[in-house]
Amino acid sequence: MAGLQNGAPTPQDITVHSQSRVLEISFSDGAQFRIPFELMRVYSPSAEVAGHGPGQEVLQTGKREVTLTGLEPVGNYAVQPSFSDGHDTGIYSWDYLYFLGSQQDKLWADYNARLTAAGVDRDAPMPEKAGSSCASH
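Predicted model only: the values in this text are computed from it and were never measured. Counting starts from 1 at the beginning of each chain's written sequence and moves along it residue by residue. This being a predicted model, a pLDDT of at least 70 is required before a residue's local features are given, and a value of 80 or more before pairs of side-chain atoms are given or counted; all residues contribute to the totals for chains, interfaces and linings. Each side-chain value is worked out from all heavy atoms of the structure, with water and hydrogens disregarded.

pLDDT is a per-residue confidence score from the predictor, ranging from 0 to 100. Mean pLDDT over the chain: 89, with 90% of residues reaching 70 or higher. In this analysis, two residues are considered to be in contact whenever any of their non-hydrogen atoms come within 4.5 Å of each other. Here residues 130-137 is a poorly scored stretch, pLDDT under 50, and it has four contacts once near neighbours within four places are set aside; other chains count.

Another aspect to go through is the sheet that holds strand β1 (residues 11-17). One bridge is not enough; two strands pair if DSSP finds at least two bridges between them. Here a strand is any run of E in DSSP of at least two residues, a helix any run of H or I of at least four, and the numbering for each starts at the N terminus. Read across the sheet, three strands follow the order β1-β2-β3 without closing on themselves; strand pairing throughout is antiparallel. Looking at which strands have only one partner, the edges of the open sheet turn out to be β1 and β3 (32-36). If you compare each strand with its neighbour and ignore which way they point, the axes differ by 15° on average. The sheet contact formed by strand β2 (residues 22-27) and β3 spans five bridges and is antiparallel. From the neighbouring strand, Glu24 faces β3, where its bridge partner is Arg34. Here, axes are lines fitted to C-alpha atoms. For helices the fit covers the stretch in contact, and angles between N-to-C directions go from 0 to 180 degrees. Against the sheet, helix α3 (residues 94-102) contacts β1, β2 and β3, and its axis sits at roughly 85° relative to β3.

Within the largest apolar cluster, 24 residues are counted, with the highest numbers of intra-cluster contacts made by Ile35, Met40, Tyr43, Tyr92, Leu97 and Leu100. Taken together, the elements giving at least two residues each to this core come down to β2, β3, α1 (37-42), β5 (78-83), α3 and α4 (104-118). Tyr43 has contacts with Tyr96, Leu100, Leu107, Asp110, Tyr111 and Arg114, leaving out every residue within four places of it along the chain. Working definition of a nonpolar core: buried Ala, Val, Leu, Ile, Met, Phe, Trp, Tyr and Cys residues. They are joined through side-chain atoms within 4.5 Å. For each residue, the accessible area found with a 1.4 Å probe, counting protein chains only, is set against the maximum for its type, and the residue is called buried under 20%, exposed over 50%, and partly exposed in between.

The three strands are arranged β4-β5-β6 in an open sheet whose pairing can be described as antiparallel. Single-partner strands in this sheet number two, and they are β4 (68-74) and β6 (92-93). Here β4 runs beside β5; their pairing, made up of six bridges, is antiparallel. The residue bridging Leu68 from the neighbouring strand is Phe83, located in β5.

On any regular strand, side chains alternate: one points to one face of the sheet, the next to the other face. Judged by which residues are buried, β3 turns out to be one-sided: Phe33 and Ile35 face inward and are buried, whereas Gln32, Arg34 and Pro36, on the alternate face, are not. Where β2 folds back on β3, the antiparallel hairpin that results is connected by four residues, among which Gly30 adopts a positive phi of roughly 95°.

As a further point, take unusual backbone geometry. At Arg21, a residue that is not glycine, the phi angle is positive and equals roughly 55°. Looking at the element boundaries, Arg21 is found in the loop between β1 and β2.

Here it is as structure tokens:
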């Protein structure tokens, strides 16, 4: 998880748009982003999704219709969303939300390339977990 860097832009306004499934966020530097819940979910900074190091990422599928069921503050540096598929372990720092918002086009392209390389469809259901080396919090 990226921490809050000194001098980094901070959120001025955060709005959850449930019907269009986007998080709208305005930052102190004037930047405004509309981040789709699906993008947030497939790029969750949690160990369950990001793994514990490079190459351990878990490709997420079937998240197009995911919604936010909750959004809790974490100190004064992050939020922790709860998603409709039960995922609620990612902590999204302001830096990470800024990254997701500002790099959306590249992140979508990378995600689509990973799907293609894996030979799976974006809407395919996630495979059942046989076991996990990570404890869930």
